[in-house]
Amino acid sequence: MVERCWHKDPEKRPGFTEVVKTLDEQMKKVIRGQDPSHQQAAAALELSRRLPLCYASLLGTHNSGISLADGYGNLDLAYQHYFRWISWVASEAYLQTNNQFLSLTDQMNLGVRIVELDTHFFDGDLRIAHCGGFHSNLDRLITAFNVLAKLLHHNIRWDSETIGCEPSLSSIPAAEQRTLLTAMQELADWLAMPQNEKEFLIVFFDDQMDLASWDMVPVLLNLTLSVFPIDIIFTPPELLLIGGVWPSMDELVAQGKRVMFVSGADYGLAMNTVIFTKDGTVCGWREPPLRHFVGAPVCSVETNGTYPAEGATLNGQLYRVTTCELQYGPMNCDFIWGASNEPLLDEVSLPEVSRCGLNSPSPDSLTPARAAATIWTWADGHPYDPYSGQNQPVQLWMMLQDMLQSFFVGDDTKAECGAISTIDGRWRAVKCSSILPTACRGNGGEWQLATGVRGTCPPGYAWEVPHHAKENMQLQSLMKLNAGPPVEAAWLPVAGPDWNITWPAAV
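Scope of this entry: the structure provided in the associated data block. For clarity, every value in this text was computed on a predicted model and none was experimentally measured. Along each chain, numbering runs from 1 in the same order as the chain's sequence is written. The predicted origin of the model limits local features to residues at a pLDDT of at least 70 and limits the giving and counting of side-chain atom pairs to 80 or more, whereas totals for whole chains, interfaces and linings rest on all residues. In computing side-chain values, all of the structure's heavy atoms are included and hydrogens and water are not.

**Brief notes about the environment of Thr456**
In DSSP terms, a helix is any run of H or I states spanning at least four residues, a strand is any run of E spanning at least two, and both are numbered starting from the N terminus. Summarising the element assignment, Thr456 is placed in the loop between β15 (447-450) and β16 (461-462). Each C-alpha atom, one on Thr456 and one on Thr438, is 7.0 Å from the other, the two residues being 18 residues apart in sequence.

**Points about the side chain of Thr277**
The residue Thr277 is located in strand β6 (residues 275-277) in this model. The buried label goes to any residue with under 20% of its type's maximum accessible area, the exposed label to any with over 50%, and the partly exposed label to all in between, with areas taken from a 1.4 Å probe on protein chains only. On the accessibility criterion, Thr277 (12% relative accessible area) is buried. Contacts are residue-level and defined by heavy atoms, with any inter-residue pair within 4.5 Å sufficient. Here Thr277 is in contact with Val262, Ser263, Ala265, Asp266, Met271 and Val282, once residues within four sequence places are set aside.

**Quick notes on unusual backbone geometry**
A cis amide bond links Ala296 to the next residue, Pro297, at an omega of 0°. Within the fold, Pro297 resides in the loop between β7 (293-294) and β8 (300-301). Even without being a glycine, Asp123 presents a positive backbone phi close to 50°. Considering the arrangement of structural elements, one finds Asp123 in the loop between β2 (114-122) and β3 (125-128).

**Points about the pairing of strand β12 (residues 417-421)**
Among the five residues in β12, five count as buried, and that is most of the element. Because side chains alternate across β12, one face comprises the buried residues Cys417, Ala419 and Ser421, and the other comprises Gly418 and Ile420, equally buried. When DSSP finds two or more bridges between two strands, those strands count as paired. In this structure, β12 lies alongside strand β13 (residues 427-430), joined through four bridges in antiparallel fashion. Each bridged residue has a counterpart across the sheet, and for Cys417 the counterpart in β13 is Val430. Taking the residues between adjacent antiparallel strands as the criterion, β12 and β13 are bridged by five residues, where Gly425 takes a positive phi near 75°. In terms of strand pairing, β12 meets strand β17 (residues 489-495) through four bridges, oriented antiparallel. Paired with Ala419 across the bridge in β17 is Trp491.

**Considering the pattern of salt bridges**
Just to be clear on terms, a salt bridge is a Lys or Arg side-chain nitrogen sitting within 4 Å of an Asp or Glu carboxyl oxygen. The tally for this structure, following the rule as stated, stands at 16 salt bridges. Note that Asp70 and Arg178 form a salt bridge whose closest N and O atoms lie 3.3 Å from each other. With Asp70 in the loop between α3 (41-50) and α4 (76-80) and Arg178 in the loop between α6 (138-151) and α7 (180-192), this residue pair connects regions lying 108 residues apart in the sequence. Since its relative accessible area comes to 13%, Arg178 is described here as buried. One salt bridge connects Glu352 with Arg355, and the closest N-O pair in it is separated by 3.6 Å. Note that Glu352 and Arg355 are positioned in helix α13 (residues 350-355) at a spacing of three residues, about one turn of the helix. Judged by its relative accessible area of 28%, Glu352 falls in the partly exposed class. Taken together, the shared-partner salt bridges connect Arg49, Arg113, Glu199 and Asp250 into one network.

**Let's talk about a nonpolar patch on the surface**
On the surface, a nonpolar cluster with roughly 460 Å² of combined accessible area is contributed by Leu75, Tyr79, Tyr82 and Trp85. One can find Leu75 in the loop between α3 and α4. Since its relative accessible area comes to 33%, Leu75 is described here as partly exposed. Patch definition: residues with relative accessible area over 30% and no salt bridge; like charges joined within 9 Å; nonpolar side chains (Val, Leu, Ile, Met, Phe, Trp, Tyr) joined within 5 Å. The accessible surface values rely on the Shrake-Rupley method and a 1.4 Å probe; as for residues, cover is taken only from the protein chains in view.

**Focus on the state of the cysteines**
When two cysteine sulfur atoms lie within 2.5 Å, the pair is treated as a disulfide. Inspection of every chain in the model, using the stated rule, returns six disulfides. Each sulfur in the disulfide pair Cys324 and Cys333 lies 2.0 Å from the other. Negative torsions about the S-S bond denote left-handed disulfides, and the value of about 80° found for Cys324 with Cys333 makes this one right-handed. Under the relative-accessibility criterion, Cys333 is labelled buried at 12%. Disulfide pairing places Cys417 opposite Cys432 at an S-S distance of 1.9 Å. The disulfide joining Cys417 to Cys432 has a torsion of about 100° about its S-S bond and is therefore right-handed. With Cys417 in strand β12 and Cys432 in the loop between β13 and β14 (438-442), this pair connects stretches of sequence that are 15 residues apart.

Okay, structure coming up:
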């Protein structure tokens, strides 16, 4: 339809009614709160909530609030058509100025627990917008003008870092960009839902030091406390009271804590009663580029000039890796002419990143498929409907096997015992009559396979599920390298009908 809007023959352009109908149909696809949560993510989230925060793996998104659902990028296709009249821009160049498609609510429903809000002051309010990082000599002139303006009891709250916010580079008028207040209220409303009573959120403000220069830090704090009562916020002073040792999210929720805030800029004493600073105080928070990530079996972040002391994943240091898919015609997300945005966190790379236990992979353009690509526990359809997640030939073969076993062996029981597969490391519901070894975990996270009665482990080992994705990968590797007969799967301490994860397991 967009192509027809630009047709040379006015008679072939769509009418107003058709345009409105088409837009209404498209908006229904991204309407807030309608994207279902991915059931297989529940087990991984449950395990992450039990780990100390520095060892948890939590899905995030890059620039979470710059979403098409809230109008960002809504005119990209219209503006893109102007490229055809610019001779030095390739005809296939495209424009994408929204980082996300889904609302904050839908992202959280898909498992996102680290939300990034690009927070800037312009048009008289704290707003969600994409700007910052750009500097020019123009700022010196603005500073000089501001000295004079303050003598007249005025303050110029604008600098070159505001370019992209005001004027807007997100295909949305500056004044229509979302206020921080409404975004924060959406997060609070989601936390208040009964089904989310066990959830804990990390909210990351991607902000700039100009908020301090313009006396906006108190405004940020007051806005935060107007939406989230102080008693549900985990704060820097509370971390000091427990000796600086990070608790698990389950422990925080048990104490009534539901959210914590992290700032990209360090405002010092002006903020540290409520908000953590990213660098140094939150598990050594680092944001290395994806190109420096080394996958399995190494699972580490390479040492480089910017981050000289990186190392293995899940070592107590929080690694948040983002990728950007914005495109400004012939320029990539970093405004580099002709350059690619790759590598990207997508359906291909996310499984490898996630199985290594990277703390927070944070892609652009989150979709249900990308969220599903981060899941390392239950396979599709398992444990409640083992056949549903398979393609048709595999589904029919599994059903035929069960029918034959029921007829010839007399075993018509349901698949109500959990096992980890050697092939892909995913968990599946299988019949409890299957003959498999037991996965036994040592105190240091090492694994051993034990034969005999299901659930029986040697001294020093316990029948437990892997505590995180990296342990899951290590268990799978042991099963592949087993010196004895080939191992197809190994028992895990999960069983139907409720499939609760007991940790530590009773032995």
